[in-house]
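Chains, contacts and geometry: an overview
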Amino acid sequence: MTLTSPELTLPAIGVAHAAWLLLAFPSVGAAVLLLGGRRTNAWGHWLGVTMSLASFVYGVVLLAQMLGARAGGRSRDDHVFTWIPGIGRFHVPIGLLIDQLSICFVLLITGVGSLILIYAVGYMAKDPERRRFFGYLNLFIAAMLLLVVADNYVALYVGWEGVGLASYLLIGFWSYNPAPPVAAKKAFIANRVGDAGLSLAIMLMFAQFGSVSFAGVFSEVHSAKPGVVTALGLLLLLGACGKSAQLPLQSWLLDAMEGPTPVSALIHAATMVTAGVYLIVRSAPIFNLSANARLVVTIVGAATLLFGALIGCAKDDIKKALAGSTMSQIGYMMLAAGLGPVGYALAIAHLLAHGFFKAGLFLGAGAVKHEMNDEVDMRRFGGLATVMKITFVTFTFGYLAIIGIPPFSGFFTKDPIIEAAFAKGGTSGAILGTAAMIGAGITAFYMTRVMFMTFAGRRRWNDDAHPHEAPPVMTSPMVILAVGSLGAGGFLMISNRLINFLGPVVGTPPLSHGFFAPISDIALVVVVAGAAVAWAMYGRREVAVTAPRGNFATVAARKDLYGDAFNESVLMRPGQWLTRLSVFFDNRGVDGIVNTIAATMGGGSGRLRRVQTGFVRSYALSMLVGAVLVVGALILVRL
Amino acid sequence: MISPAHYVALAVILFVIGGVGVLIRRNALVMFMCVELMLNAVNLAFIAFARLHGGLDGQVIAFFVMVVAAAEVVVGLAILTSIFRARKSASVDDANLLKN
């Protein structure tokens, strides 16, 4: 396998010199909206949209300058300020790395993010707290941008935690209901487990290499012991699992659907779950050196893509079915990233394409929910295609993209991942490839199920539902995203455009992808078969309004394949026992000793107090006796 | 001939009389007088020993004791007066507010 060496990062020039503006726009937006209070209620949401769009425009300018630069001069590092000026060897400058990889994420976050913000203007129109919502959204975008443009792991970690905070605030946004705060806490705690992995990785890097910057770590990693590299890879993977909702830290993602739909779209398409994939691809020099760590990444990816797909099959809640699909698609990206230099660019390509079609799907689901009086049960939908035409068409574009029908984008980005998995060779390659192939079939099944249950068949609406098309402020972002769902994959993958663009950062794979290769054809057949099964079950037959009991597999998938039950019995119950034991030990043991000492002293003092009789003459007597004793002792010693 | 030993013996007798007086009398004023007696017994002993050793240290200390005694009487009589005003009694057994 030939690998072009990563290109040198040069100091920033031109517009990249003001790369901090990228972060400044949404940060200022968040500050104004959150500190400005009710005065900003009237125009606050448009300020949020403007700030996000300003970041996007600036990102486009950065991309234009990058494309104008000669190859080899595209990676630019803009030193902003020195955060921690050398405590011992610990020196942390805050620098912004604008290179081919980070610009992809910048454009995805700000571009898709801005569309979601525009949509949210309409979606949250009746919410009295809309201004606060947009403040949090801007905070989310600012934190995610810091995460992807930081040039060292500590600054990345700041963004990483900022994303965790913003997601917590947004998932629990409707905190007057009981479920959202619980879901927010769950997301935060699951993320903390992953964060611990990332922070340990950073500490290990500093201990081993004396540096936390990308450049410093990646130049030293070659000389590290293999065990250290594998440990680093696994710790980074743990961090990525938390943020990207991969097994075993997947449980928060489905509950996170309690947040408003624009938040779900933002978390699933533009920010948050993409952070884990970014971390792995950015740390490519570490993973390149450890085949074991890469193998674990592929296993996690393959297991999660099947896990998420199976959950998606049984959910009647449209948002949860889509959440299962996100888990599954991120699993594809992890699988690709775990394949090494062959797959990094494929992971990013699928991530970008996924950003478009998943955002489109979520916004479509949100529009349906919005028009159906917040009903999310697909058994209560049906026949919406004729009522909500624009939503139906844009949702269909996202649907065709996610299941990978040519020429929609999923076809161009998912099939190469399946091919690359098979091309890995050996038993592991066959297993991973088969898992990815089966996953594609299941994806086709559950997405077709969603389509039929929502847009086709008899109208099974609630009596008070009067759906009609959503307002233009909501449909126009959906249309733009639908165009992206159609074109993004082909644009990125035909003639290896993205692979060549990213090559200097993540390495150029030797594999050249011919579309409609045998494996791709088989995948297409599997996809059509999956869709046909779904049609037979949900298109041809009537959908029951109340869910049938289902076999054991359906029941398991409805309960998220017992992910919560596992966490509860393996982690929560023993944890509760541990806390109870320590409370008992604290009360009876530690407190017991302290209380006994205190009681003994108190009781003794109470008795000793009786000695104070209040008679001056007895005091005088005791003084005399004492004096005689002292004098007697002195005389005795003298003699 | 009266030797220094006689003075020491007198000092011991005076000290014991003063000490017993402090211990058995209830009247604060009398107790004060007994304390003064003890102090003067000590003074007498100091002078006697100073004479015996032919030094001046004991005589100097006797002056110090007198000064301390004078100060003590001033403070003590003031306390005694205020207690008598409050309780119409000079008995030390009645003043037992700090009991227990």
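Keep in mind that what you see is a predicted model, and the values were worked out from it rather than measured.

Calculation criteria
Residues numbered from 1 in each chain as written. Chains lettered and ligands numbered in written order. Predicted model: local features only at pLDDT ≥ 70, side-chain atom pairs only at ≥ 80, totals over all residues. Heavy atoms only, no water. Pairing = 2+ DSSP bridges. Helix = DSSP H or I, 4+ residues; strand = E, 2+ residues; numbered from the N terminus. pLDDT = per-residue confidence, 0-100. Contact = heavy atoms within 4.5 Å. Buried area = accessible area lost by both parts, 1.4 Å probe. Salt bridge = Lys/Arg side-chain N within 4 Å of Asp/Glu carboxyl O. Polar contact = N/O pair within 3.5 Å; in protein donor to acceptor, adjacent residues only side chain to side chain. Nonpolar A, V, L, I, M, F, W, Y, C, P; charged D, E, K, R; others polar. Core = buried A, V, L, I, M, F, W, Y, C linked by side-chain atoms within 4.5 Å. Buried < 20%, exposed > 50% of the residue type's maximum accessible area, 1.4 Å probe, protein only.

1. Points about the sheet that holds strand S3 (residues 90-98) of chain A
All names here are of chain A.
- Within the open sheet, the 3 strands sit side by side as S1-S2-S3. Their pairing is mixed. Strands with a single pairing partner mark the edges of an open sheet, and in this sheet they are strand S1 (10-11) and S3.
- Two strands pair when backbone bridges link them, and strand S2 (residues 76-87) and S3 are joined in this way by 8 bridges, in the antiparallel orientation. Across the sheet, Arg76 pairs through a bridge with Ile98, a residue of S3.

2. Let's talk about the confidence of the model for chain B
- Within chain B, residue pLDDT values average 89, and 99% of them lie at 70 or more.
- For this predicted complex, the interface score ipTM comes out at 0.84, while the overall pTM is 0.77.

3. Here's the deal with the interface of chain B and chain A
- With 13 residues of chain B at the contact, the number on the chain A side is 11 residues.
- Together, the buried faces of chain B and chain A total about 1,000 Å²; carbon and sulfur atoms form 59% of this surface.
- One can count 0 salt bridges joining chain B with chain A.
- On inspection of chain B and its partner chain A, the count reaches 1 residue pair in polar contact (both at pLDDT 80 or more).
- A total of 3 residues in the side of chain B that touches chain A trace back to one element, the largest contributor, which is helix H1 (residues 4-24) of chain B.
- The residue makeup of the side of chain B that touches chain A, split by class, is 7 nonpolar, 2 polar and 4 charged.

4. Focus on the nonpolar core
- Tyr153, Trp252 and Ile286 of chain A are the most contacted members of the largest nonpolar core, which has 199 residues in total.
- Listed in part, the 10 residues of the second largest apolar core include Val22, Ala28, Met31 and Met38 of chain B.

5. A word on unusual backbone geometry
- At the junction of Leu247 of chain A and Pro248 of chain A, the peptide bond is cis and its omega measures out at 0° in the coordinates.
- Of note, Pro248 of chain A is situated in the loop between helix H8 (226-244) and helix H9 (251-255).
- A cis amide bond links Pro406 of chain A with the next residue in sequence, Pro407 of chain A, at an omega value of 5°.
- Topologically, Pro407 of chain A is positioned in the loop between helix H16 (389-403) and helix H17 (409-423).
- Here Met272 of chain A, not a glycine, exhibits a phi torsion of approximately 60°, which is positive.
- Looking at the element boundaries, Met272 of chain A is found in the loop between helix H10 (261-270) and helix H11 (273-282).
- A positive phi angle is found at Lys88 of chain B, which is not glycine, with a value near 55°.
- Structurally, the position occupied by Lys88 of chain B is in the segment after helix H3 (57-87).

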